[in-house]
Amino acid sequence: MDIAELRDKILKQERRALARAITLVESARADHRAQASGLLDSLRGAGRQSLRIGLSGTPGVGKSTFIESFGMMLTAQGLRVAVLAVDPSSARSGGSILGDKTRMERLSRDPNAFIRPSPSQTHLGGVARRTREAVALCEAAGFDVVLIETVGVGQSETVVAEMSDLFLLLLAPAGGDELQGVKRGIMEMADLILVNKADGDLKSAAMRTCADYSGALRLLRKRPQDPEGFPKAMTVSALQENGLDQTWEEMRALTSWRKEAGHWATRRADQAQYWFREELRQALLARLQTAEARSVVAALAQDVASGATAPLAAAETALAKLGITNP
Ligand code: GDP
């Protein structure tokens, strides 16, 4: 594959080149990894700085309906929108949350939109790395907004928040007046909580739920990256396309405030460091998975079991034998 040509085509905003490049970064083959790394390096700083929006919510809250309506609203304003997904469940179910052709049908036909299904991977770490690289490729290809969707499973919200400028939590109206068991950690990550389905019979329940979350958000410790009034809970109807323009207004207001106050750049710098550490961790873990490493570890594990070697000493010996530290 001609990487220089691929790079030029991405910069010319050719969607097929972008799709091919994402396939390249998703490949686990060593030669593809090397090409992907070269491509990403040559694209660094190119293109435009897009707004990266993370979106989380449990299945059925209306994520795809929201992304489609919201995405269509943005493309109607002349903005180019890319949609990516981090789906830790896809390996198990054998299909991805964005794989279903019926999802986001209108948006997928929009020439200003680009939708990419979640890569199927067994490890969240693998999906996360590839999605983050896909974000960089979309940015180089001149997308104004990159939406990164995830289902609320395990660590996937953290991973998505670490590659987003803004993080949205989508909720459905609750039946009673209890909070929907949303983990505090996830609430703390949210910049906007959107209570969807605020229409028809569900409208009053949605408004109550929204009021509950507004109250809960006020109880959270104030974050330095928030202006007055944020994080905020709002009601929307993705189906009836209500509240989407207000949502976009709030996002823009928050973004400009953060840019002016320097928080935007700080967050991106922190995220770059996070991913550097994560890559390092993954690379070290991969070193432990080779056949040689497995046999070294297995032999030392025997010594530890028999009491011939202490665990710490065995770990140090293993690192030295694998050339990770000096003997
Ligand atoms: P996802 O699993 O989070 O992607 O949820 P979907 O977008 O597939 O929506 C799940 C169901 O909720 C579908 O039947 C949608 O039609 C419905 N839904 C989504 N948004 C709304 C909304 O704003 N109002 C109402 N009443 N239903 C909605």
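Placed above this text is the structure.
Residues numbered from 1 in each chain as written. Predicted model: local features only at pLDDT ≥ 70, side-chain atom pairs only at ≥ 80, totals over all residues. Heavy atoms only, no water.

A.B. asks: Please set out the overall build of the chain residue by residue, giving values where relevant.
C.D. replies: The number of helices and strands found in the chain is 14 helices and seven strands. In the chain, of all internal contacts separated by at least 6 residues, the share reaching a separation of at least 24 is 76%. (Helix = DSSP H or I, 4+ residues; strand = E, 2+ residues; numbered from the N terminus. Contact = heavy atoms within 4.5 Å.)

A.B. asks: Tell me about the pattern of salt bridges, residues and numbers included.
C.D. replies: Tallying each qualifying case throughout the model produces 21 salt bridges. Between Glu26 and Arg116 there is a salt bridge, with the nearest N and O atoms lying 3.2 Å from each other. Of this pair, Glu26 sits in helix H2 (residues 15–26) while Arg116 sits in the loop between strand S3 (113–115) and helix H7 (124–140), and the two are 90 residues apart along the sequence. We note a salt bridge from Glu250 to Lys232, for which the minimum N-O separation is 3.0 Å. (Salt bridge = Lys/Arg side-chain N within 4 Å of Asp/Glu carboxyl O.)

A.B. asks: Help me get a handle on the site of the ligand, residues and values and all.
C.D. replies: As a structural note, the neighbourhood of the ligand is formed by 15 residues, with Gly60, Lys63, Thr65, Arg103 and Asp199 the closest of them. For the ligand, an oxygen atom lies 2.8 Å from a polar atom in the backbone of Lys63. In the environment of the ligand, a nitrogen atom lies 3.1 Å from a nitrogen or oxygen atom belonging to the side chain of Asn196. In isolation the ligand exposes 580 Å². Once the protein is present, 70% of that is buried. Of the residues in the shell around the ligand, the class split is four nonpolar, seven polar and four charged. (Near = heavy atom within 4 Å. Polar contact = N/O pair within 3.5 Å; in protein donor to acceptor, adjacent residues only side chain to side chain. Areas by Shrake-Rupley, 256 points an atom, 1.4 Å probe, with all protein chains shown as cover. Nonpolar A, V, L, I, M, F, W, Y, C, P; charged D, E, K, R; others polar.)

A.B. asks: How would you summarise the nonpolar core if you had to cite specific residues and measurements?
C.D. replies: Among the nonpolar cores identified, the biggest contains 34 residues, and Ile10, Leu39, Leu137 and Cys138 are the most heavily contacted of them. If you list the elements that add at least two residues to this core, you get helix H1 (3–11), H2, helix H3 (30–43), strand S2 (81–86), H7, strand S4 (145–150) and helix H8 (156–161). It is H7 that provides the largest number of residues to this core, a total of seven residues. If you count residues domain by domain, this core takes at least three from each of domain 1 (1–45) and domain 2 (47–261). Each residue touching Leu137, except ones within four places of it in the same chain, is listed here: Ile10, Leu18, Ala21, Ile22, Val25, Leu39, Leu40 and Leu43. Judged by nonpolar contacts, the second largest core, of 32 residues, contains Phe66, Ala172, Val236 and Leu244. (Core = buried A, V, L, I, M, F, W, Y, C linked by side-chain atoms within 4.5 Å. Buried < 20%, exposed > 50% of the residue type's maximum accessible area, 1.4 Å probe, protein only. Domains from an automatic or database assignment.)

A.B. asks: Give a description of the packing of helix H13 (residues 291–306) against helix H14 (residues 311–321) that names residues and reports values.
C.D. replies: Orientation of H13 relative to H14, taken along the N-to-C sense of each, is 160°, at an axis distance of 10 Å. Looking at the two axes, H13 sits roughly antiparallel to H14. In this structure, H13 crosses over H14, and the sense of that crossing is right-handed. Judged by residue contacts, Glu292, Val296, Leu300 and Val304 of H13 engage Pro311, Ala314, Thr317, Ala318 and Lys321 from H14. For the contact of H13 with H14, the class distribution of residues is six nonpolar, one polar and two charged. (Axes fitted to C-alpha atoms, helices over the stretch in contact; angles between N-to-C directions. Parallel < 35°, antiparallel > 145°, perpendicular 65-115°, else oblique. Left-handed = near helix turned anticlockwise from the far one by under 90°.)

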